Amino acid sequence: MKRKLIEKALAVMKKGGADFAELFLEKRTSNSMEMNNGKLEQVNSGLIHGVGLRGIAGKKAIYAYTNDLSEDAVLNASKRIAQAIEADGKDDVEMNLTKSKMGNLSPILLLPDKIKKEEKYHVMKLANEGAVSYSKQISEVRINYFDYRQNIVIANSDGLLTEDERIRTRLMVFAVATKGSEKETGFVGPGAGMGFEFFNTFDVKESGKEAARIAVKMINAEFAPAGKMPVIISNKFGGVIFHEACGHALEATSVAKGASVFADKLGQQIANECVSAVDDATIPNAWGSANIDDEGTPTQRNLLIENGILKSYLIDKLGGIRMNMQSTGSGRRQNYTFAPTSRMSNTFILPGNFLPEEIIANTPKALYAKKMGGGSVNPSTGEFNFSVREGYLIENGKIAKPVRGATLIGKGFEILNKIDMVGNDLARDEGMCGSLSGSIPADVGQPTIRVSELLVGGRN
Amino acid sequence: MKIREFKKVVFKNARKKGIDNFELYHMSSHEFECSINKGEIQSYKDAENGGASFKALKNGKAGYSFTEDYTEDEAERIVTDALENLELIDSDDVEVIGTTKFEIENWKDYDMRFDEISPKQKIEDTKQLEKKILEKDQRIVMVPYCFYNDMYNEIYFANSNDVEYSYKNGGGGMYAGAMATNGNQNKFGVDFMFSTDPKQIDIEKLASSVAEKSIGLLDAKSIKSGKYPVVLSYNTVGDILGLLVQMISAENVQKGFSLLKDKIGEKICSEKITITDRRFYQDSIFNCPADSQGTLTKDKEIISEGVLTTYLHTLKTALKDGVSPTGNAFRSSYKGVESILPVNIDFAGGHVSLDGLFEQMDSGLYITNVQGMHSGANPVSGEFSLGAEGYKIEDGKKAYPIEQITLSGNLLKMLQNVKLIGSDKQMAMVMSHGMYTPSILISELDIAGND
């Protein structure tokens, strides 16, 4: 898109009364492949190419998008925004954009669109072999492969004109174990802000095995008991607890409205002293990283909680206006069809002093959640729920037996105070996070932690 | 280029490359959305976009490629890409495209009645909804979500067998979530109304329902773990039935991802249950005359008095099973490939009112909301363990609200234990298809509680 048109589009919105006008142009090529039981069944690739325009007047934001990139269509979208704003027009609306570009935090070695699909197929085959060869109880295996290359241009009426490229690659392995008429599943889904070189950073076959191991472990497990008990949550995807129970409630989306249990709590103790946590989009090549957010603000490492004290929220531009605070580089969106809003990137609890084995040995009786599944939260009430993908009972400080079908429920502000031991084994894992501005890649993470008491949903 | 012109260029390119069979699926979407918070516009979206997916078939293998740019270059690229993509396929399944030309009958396109309302009026209505909810009760301190939304999709499909059709569907509505507080406990209540007809959106009624759903749950407590008889509200039944929708997909069945393999003709649940997939349900925004592969949609019983009568099929799965396609291959977008979905699930209602179900149960739980379907429910195993809230029922009446409990069980076992079906069938909030479900009384489910 020509700079002239970008400047015109912004000027139309300003003239119509916008205090702030923004344009987000996106071009994305993507590949997805699906293999079932060793046979490649689906290959899809394509292009999305469109523009999202936003005008903000006071605390009001108007958004429009189109993938008709002709001058008429883009200016028409700007005009519709100008009309909807219903504010006094601005006079001095000469737009003079200065091009700038942030340094790249995440070097890419092998661009996915330059790699032959046969090589991607080979990776899927390896993962499949790993899963199938693990056990005779493995009855079905599904492998999904995804990559995309997203090029964005962001311009706004503050004079910003910048661009960025995001490359992401992911493999997902879903294994089913069967015993009689029962089935159980295992899953792993490694991903990164990397190109095809990602598959040189770990053993793909082992990923397949890992998904199979979980399915087999669970098909041979009893159902988890029901009731209140201490819960030890292992590292990596265990961090989904913090993501859901706390992270979402720190987003400006709910804080600005006062709809979060953590609104007006900056500087206050909201978690046990052993808990410190960050949201960090600057980790090179991480799944949730980016050089700039989707509003063009450089990303940063945001210390959210330090020794239990709330230090920062996650703020986008509009949230910043509504809260009278600065953006924390947290404005994100799925693609040009979504207005950006405050979101997490790579969010995790910082390591403490305990060895994970120490935490287990110090706990006479508990549920040990070795792998977590997904979960969700209602930021207004703090109520959350999570599924445990791979669980064990701990008896007398030892891992006693595997259990399946457990769910953990509680309230976010309560669990943060009940975290009473934090391990030293911090690790992250990849997921997709869904909220108002769509589904975006995000890392969760934590060291092994112990929660003194949580309600476990199981069978009686 | 306009889409029909683009299609001609794409088809010409495809023939030049010697592709036997191919199709183009095009979807354009128009969307309006606004939300209100504290009387002010919180968000406002007015948008349109569209794209096309090309599917190439050769030797029974299919490859896909999509684009949002209708240029000569892209008309070339999607053909080359789709061809390259299909070369890799090594599945033994045979892909086919539709061969039967048809006219769409007994179908009226969505008449865009929501587009006749001015954006100003839509904003005003949304403000009214927030205001009315807040006026219902002092304990409602905020309406964090208060949305108006309308949209429509225009679908255009053409393949190399001259099957060609287009249709328009859509609608609009409102939804809101209110937060009530008693000082130390917050409760959140949410409800929605969507229809093809703006007259069906009753702001007063919606406000009352949202308000009641939040206030009703205040002062909730947990209960003792144990097995309880349970009445599931219509929306909870809709949520949990999402598992069944995945289990009846012929694709999942054929690949071994469903417990319903080899169960056609067998009794899989209580004989009180009859579930039908309908191409047209009064006011449903999901009504649809044909699927995304050129098969007409049709009404069909899926479960007939407890007996499984059919899976939902695409052209490919139907060919593999040696049955007729059922018109259930849908694309949620041109960006994706077909997946199996119903049009409108209609769970036949019974003759007992909700209060009647409570009376029949006498003592037990009324579950009004479950959380965690996407993580705590497993469509392969049928097992679920979900966060839940609702009411304790004593002497056949609501005794007090309950919270912080989990509800666990297995879908098929649960449907076998259905004792009574309510007469209160309503639309449950499901994003990808219509879901019309009644409340049901189940003899026993596992509950974990904090008490």
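As the structure is a computational prediction, the values presented were derived from the model and not from experiment. (Residues numbered from 1 in each chain as written. Chains lettered and ligands numbered in written order. Predicted model: local features only at pLDDT ≥ 70, side-chain atom pairs only at ≥ 80, totals over all residues. Heavy atoms only, no water.)

The next point concerns the overall build of chain B. Looking only at helices and strands, chain B features 11 helices and 20 strands. In terms of overall size, chain B behaves like a compact globule, its C-alpha atoms giving a radius of gyration of 24 Å where 451 residues would be expected to give roughly 22 Å. Across its three principal axes, chain B shows a C-alpha extent of roughly 75 × 55 × 35 Å. The burial tally for chain B puts 64% of its 451 residues in the buried class. Across chain B, the fraction of contacts at a sequence separation of at least 24, relative to all contacts at a separation of at least 6, is 72%. Roughly 17,200 Å² of accessible area belongs to chain B as shown, and the carbon and sulfur atoms make up 46% of that amount. Once the 51 positive and 68 negative side-chain charges of chain B are each reduced to a mean point, those two points are 1 Å apart. (Helix = DSSP H or I, 4+ residues; strand = E, 2+ residues; numbered from the N terminus. Rg over C-alpha atoms; globule rule 2.2 N^0.38 Å. Buried < 20%, exposed > 50% of the residue type's maximum accessible area, 1.4 Å probe, protein only. Contact = heavy atoms within 4.5 Å. Areas by Shrake-Rupley, 256 points an atom, 1.4 Å probe, with all protein chains shown as cover. Lys, Arg positive; Asp, Glu negative; His and termini not counted. Charge placed at Lys NZ, Arg CZ, Asp CG, Glu CD.)

For the rest of this paragraph, the subject is helix H5 (residues 240–247) of chain A. Of all 8 residues in H5 of chain A, 8 are buried, a share of seventy percent or more. Listed in full, the buried residues belonging to H5 of chain A are Val240, Ile241, Phe242, His243, Glu244, Ala245, Cys246 and Gly247 of chain A.

Moving on, we get to the domain arrangement of chain B. All names here are of chain B. We note that the domain assignment places domain 1 (3–215) and domain 2 (226–448) within chain B. The C-alpha centroid of domain 2 is placed 23 Å from the C-alpha centroid of domain 1. Summed over both partners, the interface of domain 1 with domain 2 comes to about 3,200 Å²; 56% of that surface belongs to carbon and sulfur atoms. When the buried surface of domain 1 facing domain 2 is broken down by residue, Tyr25, Asp93 and Phe192 rank first, second and third, together holding 18% of it. Here lysine 187 ties to glutamate 403 by a salt bridge, and the two come within 2.7 Å at their closest N and O atoms. (Domains from an automatic or database assignment. Buried area = accessible area lost by both parts, 1.4 Å probe. Salt bridge = Lys/Arg side-chain N within 4 Å of Asp/Glu carboxyl O.)

The subject of this paragraph is the domain arrangement of chain A. Residues and elements named next belong to chain A. Assigned domains within chain A: domain 1 (3–33 + 43–100), domain 2 (112–150 + 164–221) and domain 3 (227–457). Inter-centroid distance (C-alpha atoms) of domain 2 to domain 3 is 25 Å. Our enumeration of links across domain 2 and domain 3 arrives at 5 salt bridges. Viewed at the interface, domain 3 and domain 2 are joined by 14 residue pairs in polar contact (both at pLDDT 80 or more). Considering each element in turn, the side of domain 2 that touches domain 3 owes the most residues, 6 residues, to helix H4 (residues 204–219). When the residues that make up the side of domain 2 that touches domain 3 are grouped by side-chain class, the tally is 9 nonpolar, 6 polar and 9 charged. (Polar contact = N/O pair within 3.5 Å; in protein donor to acceptor, adjacent residues only side chain to side chain. Nonpolar A, V, L, I, M, F, W, Y, C, P; charged D, E, K, R; others polar.)

All names here are of chain B. Reading across the sheet, the 6 strands line up as S10-S9-S8-S13-S19-S18 and stay open at both edges, with mixed pairing between neighbours. A strand with exactly one partner marks an edge of an open sheet, and here the two such strands are strand S10 (307–308) and strand S18 (426–427). Where strand S13 (residues 344–347) lies against strand S19 (residues 434–437), 3 bridges are found, and the strand directions are parallel. Bridge pairing in S19 links asparagine 344 to glycine 434. (Pairing = 2+ DSSP bridges.)

Residues and elements named next belong to chain B. Contact geometry for helix H1 (residues 3–16) and helix H2 (residues 72–87): axes closest at 9 Å, N-to-C directions at 45°. On the basis of their axis angle, the class for H1 and H2 is oblique. Every pair of crossing elements has a handedness; the one defined by H1 and H2 is right-handed. Here H1 contributes Phe6, Val9, Val10, Asn13 and Ala14 to the contact with H2, which in turn contributes Glu72, Glu74, Ala75, Glu76, Ile78 and Val79. In the contact of H1 with H2, the residues fall into 7 nonpolar, 1 polar and 3 charged. (Axes fitted to C-alpha atoms, helices over the stretch in contact; angles between N-to-C directions. Parallel < 35°, antiparallel > 145°, perpendicular 65-115°, else oblique. Left-handed = near helix turned anticlockwise from the far one by under 90°.)

A separate point is the layout of surface pockets. All names here are of chain B. By volume, the second largest pocket is sized at about 650 Å³. Lining the second largest pocket we find 26 residues, and of these Lys2, Ile3, His26, Ser28 and Tyr70 sit closest to its centre. Every element with two or more residues in the lining of the second largest pocket is listed here: H1, strand S1 (21–37), strand S2 (40–58), strand S4 (140–159) and strand S5 (164–181). In terms of residue class, the lining of the second largest pocket is built from 7 nonpolar, 10 polar and 9 charged. (1 Å grid on protein atoms, 1.4 Å probe; cavity = no way out; pocket = protein on both sides within 12 Å on 5 of 7 lines; lining within 4 Å. Points joined across faces, edges and corners; volume = space filled by probe spheres on them.)

This paragraph deals with unusual backbone geometry. Residues and elements named next belong to chain A. Phi at aspartate 264 is positive, roughly 60°, even though this residue is not glycine. Relative to the helices and strands, aspartate 264 resides in the loop between helix H6 (252–255) and strand S11 (277–280). By relative accessible area, which is 71% here, aspartate 264 ends up exposed. With a phi close to 50°, asparagine 396 is a non-glycine residue in the positive phi region. Structurally, asparagine 396 can be placed in the loop between strand S18 (383–395) and strand S19 (398–404). Asparagine 396 sits in the exposed class, given a relative accessible area of 69%.

Turning our attention to the environment of glycine 193 of chain A. Residue and element names in this part refer to chain A. With respect to the helices and strands, glycine 193 occurs in the loop between strand S8 (191–192) and H4. Here glycine 193 falls in the buried class, since its relative accessible area comes to 7%. For glycine 193 and valine 444, which are 251 residues apart along the polypeptide, the C-alpha to C-alpha distance reads 14 Å. Those residues in contact with glycine 193 that lie beyond four places of it in its chain are Ser106, Ile108, Ile167, Arg168, Asn285, Ala286 and Trp287.

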